[in-house]
Amino acid sequence: MELNRGFPAEFRRVILLTLLSIAFGLINGQLEWTLILCGGIYMAWTLWRIRQLDLWLKHSQNPPPDFEGIWGEIVDSIVRLQNHQKRERNRLQAVISRTREVTDSLHNGIVLLDANGNIDMFNPAARRMLGLRAREYGSPLVNFLRHPSFIEYFESGDYDEPLELPAPRSESTFLQLQVNRFGQGEAAIVIRDITRLQKLQQVRKDFVANASHELRTPLTVLKGYIETLKYSDACPKPWEKPLAQMEQQANRMSDLIVDLLSLSKLESKDNQEPKTSIRLQRMLEKVVEEGELVSGDKNHSFKLECDPALQIDGYKKELRSAFTNLITNAVKYSEPGTEIKVSARIKNNKVHVSFIDRGEGIDPVHLPRLTERFYRADDSHNSQTGGTGLGLAIVKHILTRHNAELEIDSKVGRGSTFTCIFASVEPF
Ligand code: ADP
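Residues numbered from 1 in each chain as written. Predicted model: local features only at pLDDT ≥ 70, side-chain atom pairs only at ≥ 80, totals over all residues. Heavy atoms only, no water.

> When you look at the overall build of the chain in this model, what are you seeing that I'm missing?
Within the chain, the secondary structure is distributed over twelve helices and 13 strands. With respect to the principal axes defined by its C-alpha atoms, the chain has extents near 155 × 45 × 40 Å. For the chain, long-range pairs separated by at least 24 residues make up 55% of all intrachain contacts whose partners lie at least 6 apart in sequence. When the accessible area of the chain is evaluated, it comes to approximately 26900 Å², of which 56% is carbon and sulfur surface. Averaging the locations of the 55 positively and 55 negatively charged side chains of the chain gives two centres separated by 4 Å. (Helix = DSSP H or I, 4+ residues; strand = E, 2+ residues; numbered from the N terminus. Contact = heavy atoms within 4.5 Å. Areas by Shrake-Rupley, 256 points an atom, 1.4 Å probe, with all protein chains shown as cover. Lys, Arg positive; Asp, Glu negative; His and termini not counted. Charge placed at Lys NZ, Arg CZ, Asp CG, Glu CD.)

Structural data, given as structure tokens:
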């Protein structure tokens, strides 16, 4: 817009110069030479301005050339553009410094990775927690953080849950890492020191394990005396009912202790026997036999559908315990004589092991919390069935150790299906 104001003036100047040259040429009879001379002078003058401009742009610390007319306006526009750019640069610089100040002040570690997993940036907390040094910039994080669980987690691409692992340079420090993807495949890893939390959890686990263990002996003594009294001829008639109730409650306590100890064992780190290949049919046949034993004279009808070739990698004892829990629940929460079906099949390249009953079903409000410890859908009814509320927590724990999931599908009055979904399929 502003250039337009200078341009007509420049145009007028060129016209005037041409007219003057023509007049002068007519007077001296050398029109062509006069026009060529004047044109040359104008061109030289323009070239000189361009040269001035070029020199100034190359050495922008020099003051801008003092031009008038259109050239002056061009210089003004360039100066304005430069000032704008300078202000933008300063603003961006301030944002970067502020962001750096914020990340530097965080107690959580931050590591930024480029799309190839190379370290782009890290803050002092990350340097402290991971022991990173400046020379690690640009190198892959997995070269530095070599813990197998981190490599597996990082390569899996599934970052819904954070990962917990010991710090690379101090086994007594525990870190929690959460990968957040952004941009074109870049990642921001947030690292938290959870040593204190880990210690508190360990104290809780130890307490539950020790308390359960210590309760075992006194309970065995109590159960022994109750049994002796109950079956003794000298037992007075009015004591029979209280003794039967004492025996029932002592058995419940005993079940609770067994379940708490199983959970503690699952949580403890020393439980690291190797996984083996398990033929599902053989195992499920035994599980169904157990179901028949639990059902006893309730006479549930059991059906097993399993491809004999199916097998999965896992911890045999744990899987057996999970399946037994599920079949026991199917028996406990369904009417005598109803059908209980166990099926193992491949669906979407995953092994689905389902326990299907035609029992009372579960209200959908309870489903999300069913695998929590001591959570029971209907406490008044469940206390009669003698459960501990720990069975599904144990199942969930075992399945997590197998990278498997528990899917619950239930309709009140129609029955429930508990399906264990194992990620990989291995043909036998
Ligand atoms: P419990 O020892 O009480 O059976 P679980 O953890 O095994 O504890 O199960 C938690 C609750 O889930 C049970 O109390 C019961 O309400 C419900 N539940 C589990 N399995 C079934 C099932 N097959 N049918 C109906 N309800 C079930």
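Next comes the rest of the description.
> Just checking my understanding: could you explain a nonpolar patch on the surface for this structure?
Nonpolar side chains collect at one region of the surface, where Phe7, Phe11, Ile15, Leu19, Ile22, Leu26 and Leu35 lie side by side and expose about 670 Å² of accessible area between them. Top contributing element to the nonpolar patch by residue count: helix 1 (residues 2–28), with six residues. Looking at the element boundaries, Phe11 is found in helix 1. (Patch = residues over 30% accessible without salt bridge, like charges linked within 9 Å, V, L, I, M, F, W, Y side chains within 5 Å. Salt bridge = Lys/Arg side-chain N within 4 Å of Asp/Glu carboxyl O.)

> So what exactly am I meant to see when it comes to helix 7 (residues 195–230) here?
With 36 residues, helix 7 extends 51 Å from end C-alpha to end C-alpha; this agrees with the ideal 52 Å at 1.5 Å per step. The largest bend in helix 7 is about 30°, located at Arg216, with the proline Pro218 one to four residues further on. For helix 7, the set of buried residues is Thr195, Gln198, Lys205, Ser212, Leu219 and Ile226. (Expected span 1.5 Å × (residues − 1). Bend = angle between axes of the 7 residues up to and from the residue. Buried < 20%, exposed > 50% of the residue type's maximum accessible area, 1.4 Å probe, protein only.)

> Any chance you could explain the sheet that holds strand 2 (residues 119–122) here in plain terms?
Backbone-to-backbone hydrogen bonds join strands into a sheet, with any given pair of strands oriented parallel or antiparallel. Sheet architecture is open: five strands sit in the order 2-1-5-4-3, paired in antiparallel fashion. In this open sheet, the two edge strands, each paired with only one partner strand, are strand 2 and strand 3 (163–167). Put simply, the sheet's adjacent strands are angled 30° from each other on average, direction ignored. Pairing of strand 1 (residues 109–113) with strand 2, which is carried by three bridges, proceeds in the antiparallel orientation. Paired with Val111 across the bridge in strand 2 is Phe122. Contacts from helix 7 reach strand 3, strand 4 (170–182) and strand 5 (186–193) within the one sheet, and its direction differs from that of strand 4 by about 115°. (Pairing = 2+ DSSP bridges. Axes fitted to C-alpha atoms, helices over the stretch in contact; angles between N-to-C directions.)

> Where do I start with the nonpolar core in this structure?
Across soluble globular proteins, nonpolar side chains have a tendency to be buried as a group. Leu280, Leu284, Phe323, Val353, Phe355 and Phe422 are the most contacted members of the largest nonpolar core, which totals 41 residues. Considering each element in turn, this core owes the most residues, seven residues, to helix 10 (residues 316–332). Beyond its immediate sequence surroundings of up to four residues, Leu280 is in contact with Cys306, Leu310, Gln311, Ile312, Phe323, Ala344, Val351 and Val353. Core analysis: the next-biggest nonpolar cluster, separate from the first, contains 25 residues, Val111, Ile119, Ala126 and Ile189 among them. (Core = buried A, V, L, I, M, F, W, Y, C linked by side-chain atoms within 4.5 Å.)

> Is there a simple way to think about the packing of aromatic side chains in this case?
By convention here, two paired aromatic rings are described through the distance between centres and the angle between planes. Counted under the stated rule, the structure contains eight aromatic pairs. Geometrically, the ring pair formed by Tyr42 and Trp45 is tilted, given 5.8 Å between the ring centres and 35° between the ring planes. Pair noted here: Tyr42 and Trp45 are both in helix 2 (residues 31–58), with a separation of three residues, about one helical turn. On the numbers, 5.7 Å between centres and 40° between planes, the contact of Phe323 with Phe355 is tilted. You can see Phe323 sitting in helix 10 and its partner Phe355 sitting in strand 10 (residues 350–357), a full 32 residues away along the chain. Judged on exposure class, the residue Phe323 and its partner Phe355 are both buried. An aromatic cluster is built from Phe323, Phe355 and Phe422, whose rings are joined through pairwise contacts. (Phe/Tyr/Trp six-rings, centres within 6.5 Å; stacked < 30°, edge-to-face > 60°.)

> In this structure, what is going on with the domain arrangement of the chain? I would like to understand it.
Size of an interface, as often reported, equals the accessible area lost when the parts are brought together. Each assigned domain of the chain is listed here: domain 1 (2–85), domain 2 (106–193), domain 3 (198–268) and domain 4 (276–422). Relative to domain 4, the C-alpha centre of domain 1 lies at a distance of 91 Å. (Domains from an automatic or database assignment.)

> Please clarify how the sheet that holds strand 7 (residues 301–306) should be interpreted in this entry.
The mixed open sheet is built from five strands, whose spatial order is 7-9-10-12-11. One side of each edge strand has no neighbouring strand; the edge strands of this open sheet are strand 7 and strand 11 (405–411). Adjacent strand axes in the sheet meet at a mean angle of 15° when their direction is disregarded. Note that strand 10 and strand 12 (residues 415–422) share six bridges and pair antiparallel. Across the sheet, the residue bridging to Phe355 is Phe418, located in strand 12.

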